[in-house]
Amino acid sequence: MSTHTDSLGRNALIIAFLINLIMVALDLTYGLMMNSASLLSDAANNSGDAFILGSSIIVLSSTTVVKKKIALLKGIIMTVFGLWAFYHVYLGLIGESQLSGGVISLVGVVSLIGNTSVALMMQRHQHKDINFKSAFICCRNDAIASTGIILAGLLVMFTSSVWPDIIIGGIIATIVCQGGIKVIRLSLKPITPVKEDDCCD
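Since this is a predicted model, take the numbers as computed values, not measurements.

(A) The overall build of the protein chain, seen in detail. For the protein chain, the count of helices and strands is seven helices and zero strands. Considering the protein chain as a whole, with its 201 residues, one finds that 50% of them fall into the buried category. Within the protein chain, residue pairs in contact and separated by at least 24 positions form 83% of the contacts whose partners lie at least 6 positions apart. Accessible surface, the protein chain as shown: approximately 9,400 Å² in total, 70% of it carbon and sulfur.

In structure tokens, the structure reads:
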């Protein structure tokens, strides 16, 4: 990987990391305020991604073996955060949520803009190595989750029910767990010595 390409990749990861931190703060603030399962599930999603992207920046210049070990850790953490998101879905089921569909949708729109931009950046770099590949999976999941949040907010507005929020929250939690499992599988694939150096040129 050339110095210029490496710099571009690092900058993309840093931007993605900062956007995820902003999304975590936004989701947690309004999610806790309204006890919204969808926003809190997304907060869990973005919290895991913030760690994943942060670690991706640190290991950017490491060997493939190190990157695979970190990717395994990332996958495990993604799965754990997904299970944590399911816990918030459970809290939504037993709690008395005071939801504002308009606020949920607005947060979803902001998240969609940020996460789609980040996903497109990561897509350009995902072919380089497992480090960028796992980061792309995270960012793509964020964009999908943001669309779900917008839908949840609209359905809450039109139905005056907490169920759309709970259902979307469960779907997001599932996406997080599936993404984590996929990264774990990628990290456990054997290294191909012949192509290892070529992938990063």
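(B) Representation of the nonpolar core within the structure. If you look at the biggest cluster of nonpolar residues, it comprises 14 residues, and the most contacted ones within it are L13, A16, L53, V118, M122, A135 and C139. Mapped onto this core, the elements with two or more residues apiece are α1 (3-34), α2 (37-58), α4 (101-125) and α5 (130-159). A per-element tally of this core places α1 first, with five residues. Not counting residues up to four positions away in its chain, the partners in contact with L53 are L13, A16, F17, N20, A135 and C139. M34, L39, I168 and V176 belong to the second largest nonpolar core, which has 10 residues in total.

(C) Structural view of unusual backbone geometry. Of note in the backbone geometry, N35 takes a positive phi value of approximately 55° without being a glycine. On the secondary structure map, N35 appears in the loop between α1 and α2. The class of N35 is partly exposed, set by a relative accessible area of 22%. In this structure, S160 is a non-glycine residue whose phi angle is positive, near 55°. For S160, the location among the structural elements is in the loop between α5 and α6 (163-188). In this structure S160 comes out as exposed when scored by relative accessible area, which is 70%.

(D) Representation of the side chain of S36 within the structure. Within the element layout of this structure, S36 appears in the loop between α1 and α2. Judged by its relative accessible area of 0%, S36 is buried. A polar atom in the side chain of S36 sits 3.2 Å from the side chain of S38. Of the polar contacts made by the side chain of S36, one reaches the side chain of D165; its length is 2.7 Å. Excluding residues that lie within four positions of it along the chain, S36 makes contacts with G31, L99, I104 and D165.

(E) Fine view of the side chain of D165. With respect to the helices and strands, the residue D165 is situated in helix α6. Of the side chains with opposite charge, R140 lies nearest to the buried D165, which makes no salt bridge, at 22 Å. With sequence-adjacent residues up to four places away left out, D165 is seen in contact with N35, S36, A37, S38, L39, L99, I104, A152 and V156.

(F) Main features of the packing of aromatic side chains. For the structure shown, the criterion picks out two aromatic pairs. Arranged with centres 6.3 Å apart and planes meeting at 90°, the rings of F81 and W84 form a pair that is edge-to-face. Of this pair, F81 and W84 both sit in helix α3 (residues 64-94), three residues apart, roughly one helical turn. Looking at F81, the relative accessible area reads 22%, which means it is partly exposed. Judged by relative accessible area, W84 falls into the partly exposed class, the value being 35%.

(G) Molecular detail of the environment of L72. The topology assignment puts L72 in helix α3. Note on L72: relative accessible area 29%, which makes it partly exposed. Note: C-alpha distance between L72 and K182 (110 residues apart in sequence) is 10.0 Å. Filtering out sequence-adjacent residues up to four positions away, L72 remains in contact with I184, S187 and L188.

Cut-offs and rules
Residues numbered from 1 in each chain as written. Predicted model: local features only at pLDDT ≥ 70, side-chain atom pairs only at ≥ 80, totals over all residues. Heavy atoms only, no water. Helix = DSSP H or I, 4+ residues; strand = E, 2+ residues; numbered from the N terminus. Buried < 20%, exposed > 50% of the residue type's maximum accessible area, 1.4 Å probe, protein only. Contact = heavy atoms within 4.5 Å. Areas by Shrake-Rupley, 256 points an atom, 1.4 Å probe, with all protein chains shown as cover. Core = buried A, V, L, I, M, F, W, Y, C linked by side-chain atoms within 4.5 Å. Polar contact = N/O pair within 3.5 Å; in protein donor to acceptor, adjacent residues only side chain to side chain. Lys, Arg positive; Asp, Glu negative; His and termini not counted. Salt bridge = Lys/Arg side-chain N within 4 Å of Asp/Glu carboxyl O. Phe/Tyr/Trp six-rings, centres within 6.5 Å; stacked < 30°, edge-to-face > 60°.

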